[in-house]
Amino acid sequence: MEVDLWMAPALAMPAAFYDAMKSLMPADPMFDEYKKIGGMQLKSVSTMKVGGHPITTSMVVTSVDKAPIPAATFDVPAGYKVVPMR
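Since this is a predicted model, take the numbers as computed values, not measurements. (Residues numbered from 1 in each chain as written. Predicted model: local features only at pLDDT ≥ 70, side-chain atom pairs only at ≥ 80, totals over all residues. Heavy atoms only, no water.)

Caption draft 1: Structural context of the sheet that holds strand β2 (residues 40-50). Read across the sheet, three strands follow the order β1-β2-β3 without closing on themselves; strand pairing throughout is antiparallel. Of all strands in the sheet, those bounded by a partner on one side alone are β1 (2-8) and β3 (53-60). Pairwise comparison of adjacent strand axes, ignoring direction, gives a mean angle of 5 degrees for this sheet. (Pairing = 2+ DSSP bridges. Helix = DSSP H or I, 4+ residues; strand = E, 2+ residues; numbered from the N terminus. Axes fitted to C-alpha atoms, helices over the stretch in contact; angles between N-to-C directions.)

Structural data, given as structure tokens:
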């Protein structure tokens, strides 16, 4: 797999972000590399071969808002309920 990254060092991610991501996918060595590069990823282009055919995917951040997120954003919407995961 080949990955091209465009990073914004001025938009620093807290170290805990990388640690949390690594805990979710411990076998993925990329989180250590992202931490070394620093900043927020604004664009990525990944290319890999699947069945001998190249597959390219890209991701582009279109805006960044550094304003605080209101706690209500994470409230359970009306009509939904929190249930334990099985």
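Caption draft 2: Quick look at the pairing of β2. By the bridge criterion, seven bridges tie β1 to β2 in an arrangement that is antiparallel. Residue Leu5 lies in a different strand from β2, and its bridge partner there is Ser44. Of the pairings in the sheet, the one linking β2 to β3 comprises eight bridges and is antiparallel in character. Residue pairing in the sheet places Ser46 in a bridge with Thr57 of β3. Hairpin remark: β2 followed by β3, antiparallel, with two residues in the connecting loop; positive phi at Gly51, about 60 degrees.

Caption draft 3: Structural context of the side chain of Ser44. In this fold, Ser44 is placed in strand β2. Residues within four places of Ser44 in sequence aside, it is in contact with Asp4, Leu5, Trp6, Thr57, Ser58 and Met59. (Contact = heavy atoms within 4.5 Å.)

Caption draft 4: Up close: the environment of Gly39. Of note, Gly39 is situated in the loop between α2 (30-37) and β2. Residues in contact with Gly39, not counting those within four places in the same chain, are Met7, Ala8, Pro9, Leu11, Ala12, Met13 and Tyr18.

Caption draft 5: Structural context of a nonpolar patch on the surface. A grouping of Met1, Met48, Val50 and Ile55 is seen on the molecular surface, where their side chains present a nonpolar patch of about 400 Å² in accessible area. Checked against the element boundaries, Val50 lands in strand β2. When its relative accessible area of 47% is taken as the criterion, Val50 is described as partly exposed. (Patch = residues over 30% accessible without salt bridge, like charges linked within 9 Å, V, L, I, M, F, W, Y side chains within 5 Å. Areas by Shrake-Rupley, 256 points an atom, 1.4 Å probe, with all protein chains shown as cover. Salt bridge = Lys/Arg side-chain N within 4 Å of Asp/Glu carboxyl O. Buried < 20%, exposed > 50% of the residue type's maximum accessible area, 1.4 Å probe, protein only.)

Caption draft 6: View of the layout of surface pockets. By volume, the largest pocket is sized at about 180 Å³. Residue lining of the largest pocket: Met7, Met13, Phe17, Tyr18, Met21, Phe31, Tyr34, Gly39, Met40 and Gln41, and that is the complete set. If you tally residues by element for the lining of the largest pocket, the top one is helix α1 (residues 15-24), at three residues. Here the lining of the largest pocket is built from residues that sort into eight nonpolar, two polar and no charged. (1 Å grid on protein atoms, 1.4 Å probe; cavity = no way out; pocket = protein on both sides within 12 Å on 5 of 7 lines; lining within 4 Å. Points joined across faces, edges and corners; volume = space filled by probe spheres on them. Nonpolar A, V, L, I, M, F, W, Y, C, P; charged D, E, K, R; others polar.)

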